[in-house]
Amino acid sequence: MENSKQILIVDDDANLRKTLRDILRLKGYEASGVNSGQAAIDLVAKQSFMVALIDLRLSDMPGLEVLKELKEITPETECVILTGFASTESAIQAINLGAYSYLQKPYDVDQLIVTIQRAMEKKETKYALSEAEKRYRQLYEGVIDGIIAIDLSGKIVDYNPSLSNLLQYSESEFKALTIWDITPEKWHEDTRKIQKQILTKGYSNLVEKEYLRKDGLAIPVEIIGFVSQDALGETIGMWAFVRDISEKKNTEATLRRQLQEVTTLHGIASAGTEATSIDELIQKTTEILQQTLYTNNFGILLYDSIKSTLKPHFSYIGLDENRRAKDESIKKGITGRTVRTKKGQNVPDVKTDADYLEANPRTCSELSIPIVVNKKVFGVINSESDKPNYYTDADRKLLTTLSNQLAIAIEKIQLFEAEKQHTKEITALYDTALATSSELETDTLYQKLYQEVKELFPLDVFSLVRYDQLAETFEIAYLKENDRLIQEFIGRKFNQEDSILYRKVVLEQKPLLSRDLVKEKIPQSTQISEEKKIHSWLGVPLITRGYVIGAISVEAFESGVFNENHRRLLESIAAQAAIALDNARLLEQTHSQIERLAALHDIDLVINSSLDLRVTLNILLDQVVEKLSVDAAAVLLLNPRSQILEYTASRGFHTHIIEQYHLRMGEGISGQAAMERHLVQALNLNELEDDLAYTNLMQEEGFASYYSVPLVAKGQIKGVLDLFNRTPLNPDQEWFNFLETLAGQAAIAIDNTSLLEDLHRTNVELSLAYDTTLEGWSKALDLRDKETEGHTQRVVDMTLRIAQSMGIDNEDLTHIRRGALLHDIGKMGIPDSILLKPGPLSDDEWEVMKRHPVYAHDLLFPITHLRSALEIPYHHHEKWNGLGYPLGLKGEQIPLPARIFAVVDVWDALTSDRPYRKAWTSKKALEYIREQSGTQFDPKVVDVFLSLIKSELINHTE
């Protein structure tokens, strides 16, 4: 201390100042004296003194005022008041103003020296305490570790800046807290145990716990505590050193994380070696990652490149069943973006991501990494957390490493599975060859083929169809859905137009693979039910000896099931199956032909040896029922006099109802077969009209299929052979050929015993005479109307030429010819006074004349043979614009033959002389017809007519 011996004497008595100065110097002190209070104040402002001796009464100011001023300037200076006028009041005032002592003059020198020494000792003691406090505070505030002191109630009574910085509380905030406010609740019990140990032992062990930062973050700390006591040794609280061990914990966490990562990588590497399938690999990978790193919402999504969707693997953790079963388009979602970009996505806050699709409302952050196998996205590793900013760059790098390792393992398994599948396919092809090469029974062959295919394909439906090249039809030979034989479909036939799939396979002789029939909007001919639609379809042709005999297909309810590997395999199987199926077909066909030839031989023997028609027919029916595999058969013979088909013989009926049947020609299916002279079939008798013949018989006998074939010999109808079956029949062409052969033999037998052939032939000749009769009628009309002589034949010829040019077939041309011949047959009902009138007709006469199409209809309609020829006689005066007669038909409501004839009739009328005018020139008539195109005439017919005129196909001279 620089002023340790400096003493200031403040007294206006010079002698006293000198005496005191000398005494003090003798005692080893340095003394300075001033004669006034102001001088003392000025000096103290410049120089510090250890002790000041102040006279109570000074000439310029009271000593107490000087005391006050000195204490304000230098509080550390100890002041002693000297006075010859002592009083209790002044002593108290002096002590209150900070005086160390108060001495009364005259004073004892020794007492003065002792007082000065004690004042100096106090000064030195205070200084030492101050220095000690300063050093303690420097240590307290400068220590790196935190220090906290609490009272026995737990209130925080002191702390150092390190602790304040660590917990981020202000001074006022800290002093309002207790130890429990900054201790997480999970550590309260441990804290009580620590306090108990301190109070018992005086200190605690070094322990780890957590303190809460102001923002709520838990800070890991290491503490050691001690008891706090007062001067009397009483326990008043506790204090502790607090060390922030966050870095230590982070280091430990990093080490643990690295150990987990190494363990995880090793586990996935082992899983890649041990797993025998990709599903097993993914499941093990998910389990490993759940046990080590990610526990809440984590898993792998598989990418379907066909559908462009992601679907969670069944091992995905944290999803409900609905979410796990749902496909998500890659056009949306964070995982979808991962696939689209082939880049990892670390989203700290999913709520701010425009692509995010909410699956779990608690999700706050998401990390998504693509799994790329052979440069193609296989799937996505995805993890979600309910904490924002949860995933770090280290997480991204780790999952990327795991993704790469997983991709390598997947690729190895794919190679292994491909090799395994290849071996399985070769074995299956060998087994198929063995199974089919020795089997010549088609149903057994179908079953064996199905079993081999089912082992190799993830199918729901298997179908095999046969193809008839002559009829250009398909027939379902075999159909199974999930091992269930669909019997009601077997034997069903359909045309090429009814199956786009089979038609394309057969006609192009190439396989066809559809990954989604519904999406591609392709109809499916073997759709078993509307509830379960076929999506995936793979079909291949069955080809042998250069021609297609059918096709096989595998089908699935899910889309994208089959791929090119399946296509290649099914082709190989089909190549073997086609040979076996064709061999079986040929063998069965040969057996069938031999049996049928034997049957025909037996029938020939009967025909040649028996004159009894009933015996012959009974043997014939026995062969029909047996060889054609039907339930019942009957022969109805034609009575030439009544033209009625009458029951003659039958086999296989449960009732006698058939014996009561007789049908007119053209009545029912049998009558239609006899009339039209070709086979007629009814495959669905439930749809037949109730009033048709055989309806009652069908219901009583329970028949489902019915065929009727005419018995024709030497061009004459002898009767019909009717076949019945109680289940739907789908026979092939050979069946029909044999049926027609049997029918031919039956007709020959009937013809050999029939004595009515001449009469029937006469009836046929009469029907052929219809046309001659019609021509006679038309000539009679021309003779009646002399002015139009030759008109009929001209319009007939011209009408037929136009009709041929417009593509009308020959059968319809016959009816058009008859209609043209009889176009004016209705004029037979018009009086001669009107029909032959030389001048224009009156309005009333025109009304009568307009009735002749109606007369034609009334005359011809009752004649069945001429009904098809009615269109021209009845409608040739209708007009394109609807203003014609008799019905006012418009446009294409008018039958085409009538539209054609209308043009020809007007042309011939205009270019022919009439009683009331001369014939027009061709040019004028053509101009008129052009003008009436679209008004009176069909524009298309007019175009054809004009084209024929110009090309001279219709010869007409002006």
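Residues numbered from 1 in each chain as written. Predicted model: local features only at pLDDT ≥ 70, side-chain atom pairs only at ≥ 80, totals over all residues. Heavy atoms only, no water.

Side note on the overall build of the protein chain
Point 1. Of the regular secondary structure elements, the protein chain holds 32 helices and 29 strands.
Point 2. Out of the 958 residues in the protein chain, the part that is buried amounts to 46%.
Point 3. Long-range contacts, defined here as pairs at least 24 residues apart, represent 56% of the contacts in the protein chain between residues at least 6 apart.
Point 4. For the protein chain, the exposed area adds up to about 49300 Å²; of that, 51% sits on carbon and sulfur atoms. (Helix = DSSP H or I, 4+ residues; strand = E, 2+ residues; numbered from the N terminus. Buried < 20%, exposed > 50% of the residue type's maximum accessible area, 1.4 Å probe, protein only. Contact = heavy atoms within 4.5 Å. Areas by Shrake-Rupley, 256 points an atom, 1.4 Å probe, with all protein chains shown as cover.)

As for the sheet that holds strand S15 (residues 365–373)
Point 1. Strand order in this open sheet of 6 strands is S13-S12-S11-S16-S15-S14, and the pairing throughout is antiparallel. A single partner strand is all that each edge strand has here, and the edge strands are strand S13 (328–329) and strand S14 (345–347).
Point 2. Sheet topology places S15 next to strand S16 (residues 376–385); 9 bridges connect them, and they run antiparallel. Looking at S16, one finds that Val373 is bridged to Lys376.
Point 3. Together, strand S11 (297–304), strand S12 (309–312), S14, S15 and S16 form the strand contacts of helix H12 (residues 334–341), whose direction differs from that of S15 by roughly 35°. (Pairing = 2+ DSSP bridges. Axes fitted to C-alpha atoms, helices over the stretch in contact; angles between N-to-C directions.)

What about the sheet that holds strand S5 (residues 99–104)?
In a beta sheet, neighbouring strands pair by backbone hydrogen bonds and run either parallel or antiparallel.
Point 1. Spatial ordering of the open sheet is given by S2-S1-S3-S4-S5, a layout of 5 strands whose pairing is parallel. With one partner strand each, in any of the chains shown, strand S2 (30–34) and S5 form the two edges of the open sheet. The average undirected angle you get between the axes of adjacent strands in this sheet is 20°.
Point 2. Relative to strand S3 (residues 51–55), strand S1 (residues 6–10) runs parallel, the two sharing 4 bridges.

Structural notes on the pattern of salt bridges
Point 1. Using the criterion set out here, one finds 33 salt bridges in the structure.
Point 2. Residue Lys627 pairs with Glu626 through a salt bridge whose shortest N-O separation is 3.3 Å.
Point 3. Taking the relative accessible area as the measure of exposure, Lys627 reaches 18% and is therefore buried.
Point 4. Among the salt bridges present, the one from Arg899 reaches Asp938, with a minimum N-O distance of 2.6 Å. Note that Arg899 is positioned in helix H30 (residues 896–910) and Asp938 in the loop between helix H31 (922–932) and helix H32 (939–950), a separation of 39 residues in sequence. Pair check on accessibility: Arg899 and Asp938 agree, each one buried.
Point 5. Residues joined in a network through salt bridges with shared partners are Glu208, Glu222, Lys248, Lys249 and Glu252. (Salt bridge = Lys/Arg side-chain N within 4 Å of Asp/Glu carboxyl O.)

A short note on the nonpolar core
Point 1. Core analysis: the biggest nonpolar cluster contains 31 residues, and Ile802, Ile816, Val903, Trp907, Ile929, Phe937 and Phe945 have the highest contact counts within it.
Point 2. If you list the elements that add at least two residues to this core, you get helix H24 (791–805), helix H25 (810–821), H30, H31 and H32.
Point 3. If one sorts the elements of this core by residue count, H30 sits on top with 8 residues.
Point 4. Of all hydrophobic cores here, the second largest spans 28 residues; its members include Ala477, Ala556, Ala574 and Ala580. (Core = buried A, V, L, I, M, F, W, Y, C linked by side-chain atoms within 4.5 Å.)

Regarding the packing of aromatic side chains
Point 1. The full count for this structure, using the stated rule, is 22 aromatic pairs.
Point 2. With 6.1 Å between their ring centres and 40° between their planes, Phe474 and Tyr502 make a pair best called tilted. Highlighted residues: Phe474 in strand S18 (residues 473–481) and Tyr502 in helix H15 (residues 500–508), separated in sequence by 28 residues. Neither residue differs from the other here; Phe474 and Tyr502 are each classed as buried.
Point 3. On the numbers, 5.8 Å between centres and 85° between planes, the contact of Phe653 with Phe703 is edge-to-face. Residue Phe653 is found in the loop between strand S25 (644–651) and strand S26 (662–664), and its partner Phe703 is found in the loop between helix H20 (695–701) and strand S28 (705–713); the two are separated by 50 residues along the sequence.
Point 4. We classify Phe653 as buried; its relative accessible area is 14%.
Point 5. An aromatic cluster of at least three residues, connected via ring pairs, comprises Tyr467, Phe474, Phe494, Tyr502 and Trp537.
Point 6. Sitting over the face of the ring of Phe489, Arg492 holds its NZ or CZ atom 4.1 Å from the ring centroid.
Point 7. For Arg867, the ring lying beneath its charged end belongs to Phe861, and the centroid distance is 4.6 Å. (Phe/Tyr/Trp six-rings, centres within 6.5 Å; stacked < 30°, edge-to-face > 60°. Lys NZ or Arg CZ within 6 Å of the ring centre and 35° of its normal.)

As for H32
Point 1. The terminal C-alpha atoms of H32 lie 16 Å apart, and with 12 residues this matches the ideal 16 Å at 1.5 Å per residue to within 8%.
Point 2. Among the residues of H32, those classed as buried are Val941, Val942, Val944, Phe945, Leu946, Leu948 and Ile949.
Point 3. Buried residues in H32 make contact with H24, H30 and H31. (Expected span 1.5 Å × (residues − 1).)

Examining the confidence of the model for the protein chain
Point 1. Here the protein chain averages 81 in pLDDT, while 84% of its residues score no lower than 70.
Point 2. Here residues 756–760 is a poorly scored stretch, pLDDT under 50, and it has 12 contacts once near neighbours within four places are set aside; other chains count. (pLDDT = per-residue confidence, 0-100.)

Topic: the packing of H24 against H25
Point 1. One can describe the packing of H24 onto H25 by two numbers: an axis separation of 9 Å at closest approach and a directional angle of 155°. Overall, the two elements H24 and H25 adopt an arrangement that is roughly antiparallel. In this structure, H24 meets H25 at a crossing whose hand is right-handed. From H24, Thr792, Val796, Thr799, Leu800, Ala803 and Gln804 reach across to H25, where they touch Leu813, Ile816, Arg817, Ala820 and Leu821.
Point 2. When the residues that make up the contact of H24 with H25 are grouped by side-chain class, the tally is 7 nonpolar, 3 polar and 1 charged. (Parallel < 35°, antiparallel > 145°, perpendicular 65-115°, else oblique. Left-handed = near helix turned anticlockwise from the far one by under 90°. Nonpolar A, V, L, I, M, F, W, Y, C, P; charged D, E, K, R; others polar.)

Considering H25
Point 1. In this model, H25 (12 residues) spans 16 Å end to end at C-alpha, consistent with the 16 Å of a helix rising 1.5 Å per residue.
Point 2. The complete set of buried residues in H25 reads Leu813, His815, Ile816, Arg818, Gly819, Ala820 and Leu821.

Comments concerning the pairing of strand S10 (residues 235–244)
Point 1. Pairing of strand S6 (residues 146–151) with S10, which is carried by 6 bridges, proceeds in the antiparallel orientation. Following the sheet pairing, Gly146 is matched in S10 by Val242.
Point 2. For strand S9 (residues 218–229) and S10, the ladder comprises 9 bridges, and the chain directions are antiparallel. Each residue of the ladder has a partner; that of Gln229, found in S10, is Thr235.
Point 3. Connecting S9 to the antiparallel partner S10 that follows it, the hairpin turn spans 5 residues, and Gly233 within it adopts a positive phi of roughly 85°.

Quick look at the environment of Val350
Point 1. Here Val350 shows up in the loop between S14 and S15.
Point 2. Assessed through its relative accessible area of 1%, Val350 is described here as buried.
Point 3. Excluding anything up to four places from it in sequence, Val350 contacts Ile334, Tyr356, Thr363, Cys364, Ser365 and Glu366.

Notes on a negative patch on the surface
Point 1. A contiguous patch of negative charge, built from Asp12, Asp13, Asp60 and Glu65, is present on the exposed surface.
Point 2. As for its position among the elements, Asp12 is in the loop between S1 and helix H1 (14–26).
Point 3. Residue Asp12 is classed as partly exposed on the basis of its relative accessible area of 36%. (Patch = residues over 30% accessible without salt bridge, like charges linked within 9 Å, V, L, I, M, F, W, Y side chains within 5 Å. Lys, Arg positive; Asp, Glu negative; His and termini not counted. Charge placed at Lys NZ, Arg CZ, Asp CG, Glu CD.)

Some points on unusual backbone geometry
Point 1. Going from Tyr885 to Pro886, the amide bond is cis rather than trans, its omega being 15°.
Point 2. If you check the backbone angles, Asn482 has positive phi at about 50° while not being a glycine.
Point 3. Mapped onto the elements, Asn482 comes out in the loop between S18 and strand S19 (484–485).
Point 4. One non-glycine residue, Asp483, lies in positive phi territory at about 70°.
Point 5. Tracing the chain through its elements places Asp483 in the loop between S18 and S19.

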